[in-house]
Amino acid sequence: MAGSDAISIDDFRLLVARTRLTLSDEQIEVLRPMYDHYARLTATLHGLDLGAEDLAVTFAPAVAPGHAVEG
Amino acid sequence: MQSATELHHLTIQAAQGLIEERQLSPVELTQAFLDRIEQRDDTLQAYITVLADDALSEARIAEAEITRGNYKGPLHGIPIALKDLYDTEGVRTTASSRLLADRVPSEDATTTARLKASGAILLGKLAMHEFALGGPDPTCGFPLPRNPWNIEYVPGGSSSGSGVAVAAGLCMASLGSCTGGSIRGPASHCGVVGLKPTYGLVSRYGVVPLAWTLDHCGPLTWSVEDSAFMLQVIAGHDPKDPTTSTRAVPDYSASIAHGIEGLRIGVPRHFFFRDDPRISKDTLAAVETALGVLEGLGASVVEIEVPMLEYSGAAHPVLMLSEAFSYHQKNLRDRPQDFGDMARSRFLMGGLFSSGDYVQAQRVRNVLNREFAQVLETVDLIASPTMSNPPGRFDEATSMGNSLRPSFTSPFNMTGMPAISVPCGFTPSGLPVGLQLAGRPFDEPTILRAAYAYQQATPWHTRRPNI
């Protein structure tokens, strides 16, 4: 999701179809302004230059299911 | 013995001494709360399930144990209630959703089991926003709790019943859950104390999830010392929840009255006190006064900078709704009609974020975490308003209502830091305002100490709604 302009209804239908959800026209009309609201917010996130050192996804092999986290 | 009209106003701190000294019977106390629920809950709508017979039976057992000299501690014989997403063996647990309307767990949540083992008496299960998201949705099919300070106003959410029940004297303490402010928000709006402990301090086993990396469990109580009593019982490692910490649990009451002389309190004014028409001036004025009280008690209040706070409001919903969609997507496809309108639309929104959105939000979270860690090398606590606004009117509530105002609570869900809300005044129209204090991970003792010092210096926690 990116961009600050309102999404067209056709593009929005395509986006919803990608989720494999079946929504009524009424539900799509309700959801579209909500999508536009969050699209504006996520655009600000993608506008940030966080630098290569800000890793988001980490993997700690010592921590397995049922294995307690220290601290 | 005190009259029934007074019993529902007792704090745990006050009641536990009477119970231990056998001046107050757990049966009498429990009956007083059941009577209160009978008289007031038609209006307040805090409970989904009231366990009158079970509660009285447990109270008789508690009384017999105490009479035999087997007093278990501060929660023994204390009537409490749980948000209806904590599993209770043999008792329906719905998360205020038709999807779980007939679900009866075969096992207690770890927190439920720990509270039962402490001797607490379970009065019942409390209403909430559906699946801990959305809002007071008349289409969800479950009760919509009302703010006891003015029933035309919302009590906050998602632990709405948990806040209402404590504030209105329908239980002595409750558990809520918090993904973006769902303990501190109802606490602030209902004029009670709400504590979101450090991520990993309290087990979430047997608690219906909303977003795994943001969900926390914690208590709502009338007083700070009662919050410490509740935390003492529910905190600690749980082999059934691999996200829980193995570190030793301290005595949360031990240093609570040690005062705050010399404590350093940071205030990121650029975020919490900014000139923004979406932030209530009444709220800011009450919290500004509270900061003065903390200074008067010997703390130093300094301005700090946490630049990434400006982006927390964009990152938090991406994380929360993406994870919630992952949990609910099968039901969204197979049983969409069983969701209420508010929760369904928010969950559907979670499916529309991209993987790039989610990862970028996690990266922002990392930076926010690092900035707070640096700031907490120079200050002991962060202070702010709990909510950017007082409670809104019920008839104006929408699923997006909270999303359109700055969230002052969700940054601490993203970082996992502990945070508490304590009552710090009222708006001119008589609605409660909360002061939020956040601290270093696992430093609940300092948060409780500061909140207690503030509470002892102010009258707000003694005010009860006239309901």
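A. Broad picture of the overall build of chain B. Across its full length, chain B carries 15 helices and 11 strands. Radius of gyration (C-alpha) of chain B: 20 Å, near the 23 Å computed for a compact globule of 467 residues. In terms of overall dimensions, chain B has a C-alpha envelope of 60 × 60 × 45 Å along the principal axes. In chain B, which comprises 467 residues, the share counted as buried stands at 65%. Across chain B, every contact between residues at least 6 apart in sequence was considered, and the portion connecting residues at least 24 apart equals 79%. Taken as a whole, chain B presents about 15,300 Å² of accessible surface, with 49% of it coming from carbon and sulfur.

B. Main features of the side chain of B:Asp380. All names here are of chain B. Considering the arrangement of structural elements, one finds Asp380 in the loop between helix 13 (355–375) and strand 9 (381–385). Owing to a relative accessible area of 11%, Asp380 belongs among the buried residues under this scheme. Polar contacts involving the side chain of Asp380 include one to the side chain of Arg440, which spans 3.3 Å. If sequence neighbours within four positions are ignored, Asp380 has contacts with Gly262, Leu263, Arg264, Ala438, Gly439 and Arg440.

C. Spotlight on the pairing of strand 5 (residues 193–196) of chain B. Residues and elements named next belong to chain B. Across the two faces of strand 5 the burial is the same, with Val193 and Leu195 and Gly194 and Lys196 all buried. One ladder, built from two bridges, connects strand 5 with strand 6 (residues 216–221); its direction is antiparallel. Bridging from a neighbouring strand, Val193 pairs with Thr221 of strand 6. Where strand 5 lies against strand 10 (residues 419–426), three bridges are found, and the strand directions are antiparallel. Bridge assignment links Gly194 to a residue of strand 10, and that residue is Ser421.

Conventions we followed
- Residues numbered from 1 in each chain as written.
- Chains lettered and ligands numbered in written order.
- Predicted model: local features only at pLDDT ≥ 70, side-chain atom pairs only at ≥ 80, totals over all residues.
- Heavy atoms only, no water.
- Helix = DSSP H or I, 4+ residues; strand = E, 2+ residues; numbered from the N terminus.
- Rg over C-alpha atoms; globule rule 2.2 N^0.38 Å.
- Buried < 20%, exposed > 50% of the residue type's maximum accessible area, 1.4 Å probe, protein only.
- Contact = heavy atoms within 4.5 Å.
- Areas by Shrake-Rupley, 256 points an atom, 1.4 Å probe, with all protein chains shown as cover.
- Polar contact = N/O pair within 3.5 Å; in protein donor to acceptor, adjacent residues only side chain to side chain.
- Pairing = 2+ DSSP bridges.

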